[in-house]
Amino acid sequence: MNGIKNSDYNKLADEVLINLIRQDDEKAFAVLYERYSGALYVHAYGLIQNREDTKDLLQRVFTKIWDIRDTLHSEINLSAYLYQMLKNMFINSLAHNKVIDRYLDNLSGYANTYVADTDYRIREKQLQACIQSEIQQLPPKMREIFELSRTAYLTHREIAEKLGISEKTVKNQITNALKLLKSRLPHLIFLLVLFQARP
């Protein structure tokens, strides 16, 4: 065996743990899990806001690490690598993969990564398509009022005057539209919609 005492594993540097994991050392893997799982859980929960889904995502991250252990390099920044892997898995887990990397980067102070401009543009188009698809499924009158608020940036009063309805009706329709979209869209995408909807 490697001759390392159980009590000494926690003292090992990340690069040593990685080398041991490459040799199928399950004790080293357990130490790596304990070292990073807590912080990763907090970060993932901040994105998902669901305990069971967070646990599932965390499990998949560490399962993936074990599966690819032969390809790990001891010189990698393990913390940044784990956060990047978590972020990528979170993106892929969303319906239709409709979230943009930069919104996740704004929430993360750990993984500093570069994403090509073309990738941003592709993901932004996907995001907008996802939002628009859900908006189109709103009831017709609600959709019309919401789009006048979100796209034309009209105030409640302006919308009321344009459609010949009361401001209270406009407000209620927009509130109901946001409730429906919140139930249908992933959390981060809904925030984008919310910030674009003018009062």
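The shown structure was predicted, so the numbers you read here are calculated from the model rather than taken from an experiment.

Trainee: Is there a simple way to think about the overall build of the protein chain in this case?
Mentor: Within the protein chain one finds ten helices and zero strands. Starting at the N terminus, the α and β elements of the protein chain follow one another as α-α-α-α-α-α-α-α-α-α. Counting every position in the protein chain, which comprises 199 residues, the buried fraction comes to 39%. Within the protein chain, contacts between residues separated by at least 24 positions form 55% of all contacts whose residues are at least 6 apart in sequence. Here the protein chain has roughly 11600 Å² of accessible surface; of this, 50% comes from carbon and sulfur atoms.

Trainee: Help me understand the nonpolar core, please; the structure alone is not making it clear to me.
Mentor: Most often, soluble globular proteins have nonpolar side chains that are buried together. Judged by nonpolar contacts, the single largest core of 29 residues is most densely connected at Tyr36, Leu40, Phe62, Leu82 and Leu86. For this core, the leading source of residues is helix α2 (residues 26-48), giving eight residues. Of all hydrophobic cores here, the second largest spans 14 residues; its members include Leu138, Ile145, Ile159 and Ile174.

Trainee: I'm lost on the packing of aromatic side chains in this one. Help?
Mentor: By convention here, two paired aromatic rings are described through the distance between centres and the angle between planes. The tally for this structure, following the rule as stated, stands at four aromatic pairs. Ring geometry for Phe29 against Phe62: centres 6.4 Å apart, planes inclined by 80°, an arrangement best described as edge-to-face. Remark: Phe62 occurs in helix α3 (residues 51-67) and Phe29 occurs in helix α2; sequence separation between them is 33 residues. Judged by its relative accessible area of 17%, Phe29 falls in the buried class. Measuring from ring centre to ring centre gives 5.2 Å for Phe29 and Trp66, while their planes differ by 65°; the resulting arrangement is edge-to-face. Highlighted residues: Phe29 in helix α2 and Trp66 in helix α3, separated in sequence by 37 residues. The residues Phe29 and Trp66 share a single accessibility class, namely buried. Among the aromatic residues, those joined into a cluster by ring pairs are Phe29, Tyr33, Phe62 and Trp66. Cation over ring: Arg69 sits above Trp66, and NZ or CZ is 3.9 Å from the ring centre.

Trainee: Mind showing me how you'd approach the environment of Val170 here?
Mentor: Looking at the secondary structure, you find Val170 in helix α9 (residues 167-184). Accessibility expressed as a relative area gives 0% for Val170, which makes it buried. Taking the C-alpha atoms as reference points, Val170 and Met142, separated by 28 residues in sequence, lie 8.6 Å from one another. Apart from residues lying up to four places away in sequence, Val170 is in contact with Ile145, His156, Ile159, Ala160 and Ile165.

Trainee: Is there a simple way to explain the packing of helix α7 (residues 140-150) against helix α8 (residues 156-163) in this structure?
Mentor: Each packed pair of helices is defined by two parameters, the angle between the axes and the distance between the axes. Close contact between α7 and α8 brings their axes to 10 Å; oriented N to C, the two are set at 135°. When the axis of α7 is compared with that of α8, the two are oblique. The way α7 lies across α8 gives a crossing that is right-handed. Within the contact between the two elements, α7 uses Glu144, Ile145, Leu148 and Ser149 and α8 uses Ile159, Lys162 and Leu163. Among the residues forming the contact of α7 with α8, the class breakdown is four nonpolar, one polar and two charged.

Trainee: What am I meant to see in the packing of helix α1 (residues 14-22) against α2 here?
Mentor: At a minimum axis distance of 8 Å, the contact between α1 and α2 shows a crossing angle of 140°. The orientation of α1 with respect to α2, classified from their angle, is oblique. When the axes of α1 and α2 are compared, the crossing they make is left-handed. On α2, the residues touching Asp14, Leu17, Leu20 and Ile21 of α1 are Ala28, Phe29, Val31, Leu32, Arg35 and Tyr36. Classifying every residue of the contact of α1 with α2 by side-chain character gives eight nonpolar, no polar and two charged.

Criteria and thresholds
Residues numbered from 1 in each chain as written. Predicted model: local features only at pLDDT ≥ 70, side-chain atom pairs only at ≥ 80, totals over all residues. Heavy atoms only, no water. Helix = DSSP H or I, 4+ residues; strand = E, 2+ residues; numbered from the N terminus. Buried < 20%, exposed > 50% of the residue type's maximum accessible area, 1.4 Å probe, protein only. Contact = heavy atoms within 4.5 Å. Areas by Shrake-Rupley, 256 points an atom, 1.4 Å probe, with all protein chains shown as cover. Core = buried A, V, L, I, M, F, W, Y, C linked by side-chain atoms within 4.5 Å. Phe/Tyr/Trp six-rings, centres within 6.5 Å; stacked < 30°, edge-to-face > 60°. Lys NZ or Arg CZ within 6 Å of the ring centre and 35° of its normal. Axes fitted to C-alpha atoms, helices over the stretch in contact; angles between N-to-C directions. Parallel < 35°, antiparallel > 145°, perpendicular 65-115°, else oblique. Left-handed = near helix turned anticlockwise from the far one by under 90°. Nonpolar A, V, L, I, M, F, W, Y, C, P; charged D, E, K, R; others polar.

Note that every value here comes from positions in space, so none of it alone points to a role or purpose.
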